[in-house]
Amino acid sequence: MTGKKLLNAKILPALLLMFIFPAIHIAQNVTVSAKLDSTLMVIGGQMDFTIEISQPDNIQLAFPNISDTITKNIEVVRESRPDTTHLDNQRLAITKRYRITSFDSGLHYIPPLRFEYMEGELARRAETQSSALLVVNPFTEVDPSKGFFDIKLPFNLPFLLSELWRFKYWILSILIIGLLAYFGYYFYKKREIPVKEIFFPTKPKEPPHIMALKSLDKIKSEKLWQSGQVKSYYSQLTDTLRRYMEDRYNFPAMEQTTGEIMSALKYQELPDKNLFHKMETVLSTADLAKFAKYEPLPDENDNCLISAYFFVNQTKEEPVPTREALEKELKEASSEDKQEERD
Amino acid sequence: MNQTVDIKELNERIKQESSFVDLLTIEMNKVIVGQKHLVESLLTGLLSDGHILLEGVPGLAKTLAINTLASIVDAKFSRIQFTPDLLPADLLGTMIYSQKNEEFVVKKGPLFTNFVLADEINRAPAKVQSALLEAMQERQVTIGDKTYKLPEPFLVLATQNPIEQEGTYPLPEAQVDRFMLKVVISYPQKNEEQEIIRHNLAQTFPKASTILKPDDIIRARKVVKDVYMDEKIEKYIVDIVFSTRFPENYKLEKYKDMISYGASPRASISLAMASKAYAFIKRRGYVIPEDVRAVCHDVMRHRIGLSYEAEANNITSEEIISEILNTVEVP
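The structure presented is a predicted model; accordingly, all values stated were derived computationally and were not measured. Here, residues in each chain are numbered from 1, in the same order as that chain's written sequence. Each chain gets a letter, beginning with A, and each ligand a number, beginning with 1, in the order they are written. For this predicted model, a pLDDT threshold of at least 70 governs which residues receive local features, and a threshold of 80 or more governs which side-chain atom pairs are given and counted, while totals over whole chains, interfaces and linings are taken from all residues. To get the side-chain values, take all heavy atoms of the structure and skip hydrogens and water.

**Here's the deal with the interface of chain A and chain B**
Two residues qualify as a contact provided that any one of their heavy atoms is within 4.5 Å of a heavy atom in the partner residue. Chain A puts 18 residues into the contact, and the matching count from chain B is 22 residues. For the pairing of chain A and chain B, the buried interface totals around 1900 Å² over both sides, and the portion due to carbon and sulfur atoms is 57%. The working definition used for a salt bridge is a side-chain nitrogen of Lys or Arg within 4 Å of a carboxyl oxygen of Asp or Glu. Applying the counting rule to chain A against chain B returns two salt bridges. Between B:Arg293 and A:Glu260 there is a salt bridge, and its shortest N-O distance comes to 3.2 Å. Pairing of N or O atoms within 3.5 Å defines a polar contact, subject to two protein rules: one partner must be a possible hydrogen donor and the other a possible acceptor, and residues neighboring in sequence count only if both atoms are side-chain atoms. At the junction of chain A with chain B, the criterion picks out nine residue pairs in polar contact (both at pLDDT 80 or more). Secondary structure is summarised from DSSP: a helix means a run of H or I of at least four residues, a strand means a run of E of at least two, and numbering begins at the N terminus for each. Elements with a minimum of two residues in the side of chain A that touches chain B: α5 (230-249), α6 (258-266) and α7 (273-291) of chain A. Of the residues in the side of chain A that touches chain B, the class split is six nonpolar, five polar and seven charged. Defined in terms of a 1.4 Å probe, buried area is the accessible area two parts forfeit on being brought together, summed over both. Under this grouping Gly is polar, as are all residues other than the nonpolar Ala, Val, Leu, Ile, Met, Phe, Trp, Tyr, Cys and Pro and the charged Asp, Glu, Lys and Arg.

Okay, here's the thing in structure tokens:
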């Protein structure tokens, strides 16, 4: 029997009776009632089943234990917490709602719900009226004799740009991040100076001869050997020369002995042969002063410093002019020529 | 030159005392063809009172070298072939019952000599090795209840064969450390080998003349101890030794996991002593960084422990020492 026929033939008169006499039970001064939002529900639909209690505020009333079903065909989806209202006449109005659903079509009977309480020494009981819920199936029943049908395909709804409006902030953020990443990458690739240099710019390194000459000037001004610090004088002098040779000729002079340094210098193109001998004299005199307590004569000390200056000045590497500097020079020369022609 | 008195005097003394060095080298070179480094190392060990561990394949004139040295110095020489059944008493000596005197008399072992060649030291068990090494350290031997001083100079040259390791008793690190130098002997050059062939075919084996007495060596050793070593050189030695213990502090982070243990303080002492002896050989009264570098490999190569990682990567102690010398700043 379909839901519609059942509604017309048997159930309707019963429902009418239920609406005329609502499910109220009055036990002395405790009143309990249960009502459904509707007596009719489509299969799988949901509605509230509300329990209302009116009781004196000095009575403890125990709610029936409804866990996940009210009857075997009616399931509880969720239940609300009891809503208690204090009335003026020392009474309480308690309301509790159960959201129910059913997946079985037919008329389902809801039995009375019992509430127990103590009135003085006497145990009492209050009951709601029974009620009924008609669950109807709105779909036509499948007749297998008519053959099998495919599952319906999902509906293809047209895409509307307006649907994206609610994501506007997300889209905007992604676009900004994307643009920033693109420009960041672009500038990183196109940069002329390393990134580290942008944040921590290093001082441009001076050419080796400038550093060496500065250091030699410092040694000269400190007048070390004049104040008896011969060892320190020669240590600083040889360190300056070794550092200069290391930077100028790219061999590890700081980690080499005098003999090894002289061997390495043999393979360098020195502008003057005397330079080699001068350097040998300086380094071997320094070795004697540093390691053999040797105290050279004042002339020797001066000569060593002079030889060091001479070596640096003779072997210094002239800086190669940059393209910009050459272009600038050329431009200046041509403008001077033009000026002369005009004159 | 306004040189300070001490160094001037010292230089004069060294020039006098080291005059035998050239002669000794000439006499050695008469017999030993090539092997300049071996001869130099023998002299360094002899003058700095340190024992030498020689490593090289058979036939590289190890025995001939020490034999020649003993003949030049007019000293006693013993060669002991170390075998697995050797006993400490075979080295040190023992007490024998004399029927004639009806008492135990001491029979001194071959260790009571000036130069000892302990051939293939790693073939004898640990108890024999330790008996020898104890004599090397203490310079005395106890037989029965009497202690006997070993003659001066006393120099032990032990040899090891690097290729045959089966059935050997490798020297423990603590015992290897007692050798001042570990000298690795390599093959002679082509022209040197040609000369060796000529000598052998003609059966003309030159003989070295005796030019020194043991007392000369003892006196030279005293002068070697007086060779001036500046504070800067001492710091350089300490830096080299410390770089084997804490390579990361000397820009040698790559060797941090390669070295299982660094050189001991005995290495610092040996490096200083050997540098002084080398300066003496070069007839100088003071040590320069070149001297330290010249002896560094021989002093350090057996004192650096390599980790499994180093062995897996074929890293040798030679490479590590070379890298250290190229990284530690010379004063």
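**Digging into the domain arrangement of chain B**
Residues and elements named next belong to chain B. Throughout, the edges of the domains are those of an automatic or database domain assignment. Along its sequence, chain B is carved into domain 1 (21-216) and domain 2 (227-327). Measuring from the centre of the C-alpha atoms in domain 1 to the corresponding centre in domain 2 gives 25 Å. Counting from both sides, the interface comprises 21 residues of domain 1 and, opposite them, 18 residues of domain 2. Among the residues of domain 1 in contact with domain 2, Asp-177, Met-180 and Lys-182 are the three that bury the most area, contributing 31% of the side total.

**Considerations on the pairing of strand β7 (residues 146-149) of chain B**
Residues and elements named next belong to chain B. Any two strands with at least two DSSP bridges between them are considered paired. Bridge analysis of strand β6 (residues 140-143) against β7 gives four bridges, and the strand direction is antiparallel. The partner of Val-141 across the bridge, within β7, is Tyr-148. Counted between consecutive antiparallel strands, the loop separating β6 from β7 contains two residues, among which Gly-144 sits at a positive phi close to 65°.

**Quick look at the sheet that holds strand β8 (residues 106-110) of chain A**
Backbone hydrogen bonds are what pair the strands of a sheet, in a parallel or an antiparallel way. Residue and element names in this part refer to chain A. The strand order across the open sheet built from three strands is β3-β11-β8, with neighbouring strands paired in mixed fashion. Whereas interior strands pair on both sides, the edge strands pair on one side only; in this sheet they are β3 (40-42) and β8. The sheet shows a mean angle of 30° between the axes of neighbouring strands, direction not considered. As defined by bridge partners, β8 adjoins strand β11 (residues 131-136) across five bridges and the pair is classed as antiparallel. Following the sheet pairing, Ile-110 is matched in β11 by Ser-131. Lines fitted to C-alpha atoms define the axes, with helix axes restricted to the stretch in contact, and inter-axis angles between N-to-C directions lie between 0 and 180 degrees.

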